[in-house]
Every structure is written in structure tokens, then in C-alpha cells.
Number of protein chains: 2
Amino acid sequence: MKSKGTRGERELFHRFWDTKLWAALRTAGSGSTPLPAPDLLVSNSKRCLAIECKVFKNSIKYLYPEEIAQLNEFAEKFGAEPWIAIKFDYAGWSFLKPQDLIITKKGYYSISKELSSKKGIKFEQLIQ
Amino acid sequence: MKSKGTRGERELFHRFWDTKLWAALRTAGSGSTPLPAPDLLVSNSKRCLAIECKVFKNSIKYLYPEEIAQLNEFAEKFGAEPWIAIKFDYAGWSFLKPQDLIITKKGYYSISKELSSKKGIKFEQLIQ
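Residues numbered from 1 in each chain as written. Chains lettered and ligands numbered in written order. Predicted model: local features only at pLDDT ≥ 70, side-chain atom pairs only at ≥ 80, totals over all residues. Heavy atoms only, no water.

Enquirer: Which residues make up the nonpolar core, and what are the values?
Expert: Counting 79 residues, the largest nonpolar core has Phe16 and Leu41 of chain A together with Phe16 and Leu41 of chain B as its most contacted members. For this core, the leading source of residues is strand β3 (residues 48-56) of chain B, giving 7 residues. Beyond its immediate sequence surroundings of up to four residues, Leu41 of chain B is in contact with Leu25, Leu41 and Phe78 of chain A together with Ala23, Ala24, Leu25, Cys48, Leu49, Ala50, Phe74, Phe78 and Ala80 of chain B. (Core = buried A, V, L, I, M, F, W, Y, C linked by side-chain atoms within 4.5 Å. Buried < 20%, exposed > 50% of the residue type's maximum accessible area, 1.4 Å probe, protein only. Helix = DSSP H or I, 4+ residues; strand = E, 2+ residues; numbered from the N terminus. Contact = heavy atoms within 4.5 Å.)

Shown next, in the form of C-alpha cells:
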């Protein structure tokens, strides 16, 4: 069985294709190479988005600072907008910019359900 | 052992990163999904290239028309330039545009060593 993260990634991948206006790619070896690589890269030929996908069971999650640094690094070099796609159980996807995440005292990034509903935007808004 | 095609793809992937100016992505499930997906997608934030990689043992090779159609379809939707990267044994990479390929009577695209050296450009020219 595929992990929750992979299933989430595939779900979003198809969601972009289903719009008929966006093309999407899933990255090979994302997370297993030292080179930065987002989970998804999508474009409608005007905007290009580099997306890290996160599916959470709990209402708060911590991300390593390296993960966000790599997303930003890749996006800058590629010429894409960096986004974090978040799905909590029993809730739809929401999309956050890296600068919307909260940095904890120990230097991790935290994402809570609250933050995601306060700062995040929905799929339909993202692709407008 | 990885297939020749996969090794070729990885070689090119690293070649783009090594320039320090280009970011590159390898596609997951390229060839195993009905949705179009090039082997590599690279960008220096100004130009974005969608690349199919082919490593050949023989001096002529035939490609399915669907493969080229999918490359063009993806590239158009994504806003990328479509390219075919070709490497014959004991020769370096050369890069061809889909329209440079020759269509056979049966509707396949053919790539020969001769065509590749006549019409193809080298890596250094491609990334200029």
C-alpha cells in the first residue's frame, strides 16, 4: 500500500490535470536525493508552482527547516512559486506560502490546522 | 542494474545541476502513466525545457509518434520547449527539436546518427 503522502501527491497531481489548463509532474526520487526537488511541479504556461505535499493525521506538524530551504532554493532557481500543500484528515487541501509557516524556538517550521485554515488558500483560489 | 535509458537520464540530470544555473527534475512514472510526462524538466528561470532522453546502441532508432505527440502536448501546456536528447554509444549528447526528426512512411519518427550530428546541437549550445 502506498503511503498517505504518496496518495496525497497523486490526488493533487490528478486534480491539476483535471482542470485541463494545468500540466503536472511528480518528481522521481524526491526526498532521496541531496538535490532539492519538490513533490510536484505544475504550470499553466503562465505560472509555475513548486509544491511540497503534506498529509497530516494530527492537528499540528513540524517540518525540518532544510525541507523549506530546499523548496525555496529549487523554486528560485527554476523560476517557480514555492507552495506547501496541506491536508489534514477529514479536511480539504489548503495551500500555504513558506513565509506563512511559523518557526518554533528550536528552528522547526510548524503547521497547525488553525494556521492552515487562517492563512491557507483553497485549490480553486490557487489556480485562479 | 539500471537500464541504459535511466542511466542516461541521470547523467543529464546531474549535468544540468552541475552548471549551477539550471535546476532539473526527473519525472516519476514517466512512461507508465497515460498522462504526458517528459523524462526531464529543466529551467534556469528564464527558459524551461521538457526533455525526452534516448540512449541508442544502433545507428538508427525509431520512436512512436505518440511519444513525440505527448512531448509536444506537455511542453505546450506547461510552457516549456520540447527537446529530444540523444546519445549514441561512444558519442556525446546531442539535442534535437521534434520538428527535426524524420517521419517514416509508416508514421514513426526516425533518428539516425547522421541526423543527430547534422541537426543536433551540443549541451553547451543548448544551455546558452
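Resuming the write-up.
Enquirer: A description of the interface of chain B and chain A should follow, citing residues and the corresponding values.
Expert: At the junction of the two partners, chain B supplies 27 residues and chain A supplies 27 residues. Across the interface of chain B and chain A, roughly 2,100 Å² is buried in total on both sides, 75% from carbon and sulfur atoms. At the junction of chain B and chain A, the tally comes to 0 salt bridges. At the boundary of chain B and chain A, one finds 8 residue pairs in polar contact (both at pLDDT 80 or more). Taken together, the elements giving at least two residues each to the side of chain B that touches chain A come down to α1 (4-18), β1 (23-26), β2 (40-43) and α2 (65-78) of chain B. Tallied by class, the residues present in the side of chain B that touches chain A amount to 17 nonpolar, 6 polar and 4 charged. (Buried area = accessible area lost by both parts, 1.4 Å probe. Salt bridge = Lys/Arg side-chain N within 4 Å of Asp/Glu carboxyl O. Polar contact = N/O pair within 3.5 Å; in protein donor to acceptor, adjacent residues only side chain to side chain. Nonpolar A, V, L, I, M, F, W, Y, C, P; charged D, E, K, R; others polar.)

Enquirer: Residues and numbers for the pairing of strand β6 (residues 93-96) of chain A, please.
Expert: Residues and elements named next belong to chain A. Because side chains alternate across β6, one face comprises the buried residues Trp93 and Phe95, and the other comprises Ser94 and Leu96, equally buried. The sheet contact formed by strand β5 (residues 81-88) and β6 spans 4 bridges and is antiparallel. For Lys87, the partnering residue across the bridge sits in β6 and is Trp93. The loop that links β5 with its antiparallel partner β6 comprises 4 residues; one of these, Tyr90, has a positive phi angle of about 65°. (Pairing = 2+ DSSP bridges.)

Enquirer: Requested: an account of helix α2 (residues 65-78) of chain A, with residues and values cited.
Expert: Residues and elements named next belong to chain A. Counted at 1.5 Å a residue, the expected span for α2 with its 14 residues is 20 Å, and the 20 Å between its end C-alpha atoms agrees. Of the residues making up α2, those classed as buried are Ile68, Leu71, Phe74, Ala75 and Phe78. One side of α2 holds all its buried residues, which, seen down the axis, span an arc of 130°. In α2, the exposed positions angled more than 90 degrees off the buried face are occupied by Glu66 and Glu76. Gly79, located one to two residues past α2, shows a positive phi value of around 85°. (Expected span 1.5 Å × (residues − 1). Arc of directions from axis to C-beta.)

Enquirer: Outline the relation of the copies chain B and chain A, listing residues and values.
Expert: Rotating chain B by 180° and translating it 0.0 Å along the rotation axis places it on chain A, where the RMSD comes to 0.0 Å. In symmetry terms, the pair is related by a two-fold rotation axis. Relative to the rotation axis, the C-alpha of Ala28 of chain B is the closest in chain B, positioned 2.0 Å from it. Both copies share a contact surface, since 100% of the interface residues of chain B are interface residues in chain A too. (Least-squares fit on C-alpha atoms with pLDDT ≥ 70 in both.)

Enquirer: Which residues make up the side chain of Thr27 of chain B, and what values do they have?
Expert: In this fold, Thr27 of chain B is placed in the loop between β1 and β2. Within the local environment of Thr27 of chain B, its side chain forms a polar contact with the backbone oxygen of Pro38 of chain B, the two atoms lying 2.7 Å apart. Among all residues touching Thr27 of chain B, those that are not within four sequence positions of it are Leu25, Arg26 and Ala28 of chain A together with Ala37, Pro38 and Asp39 of chain B.

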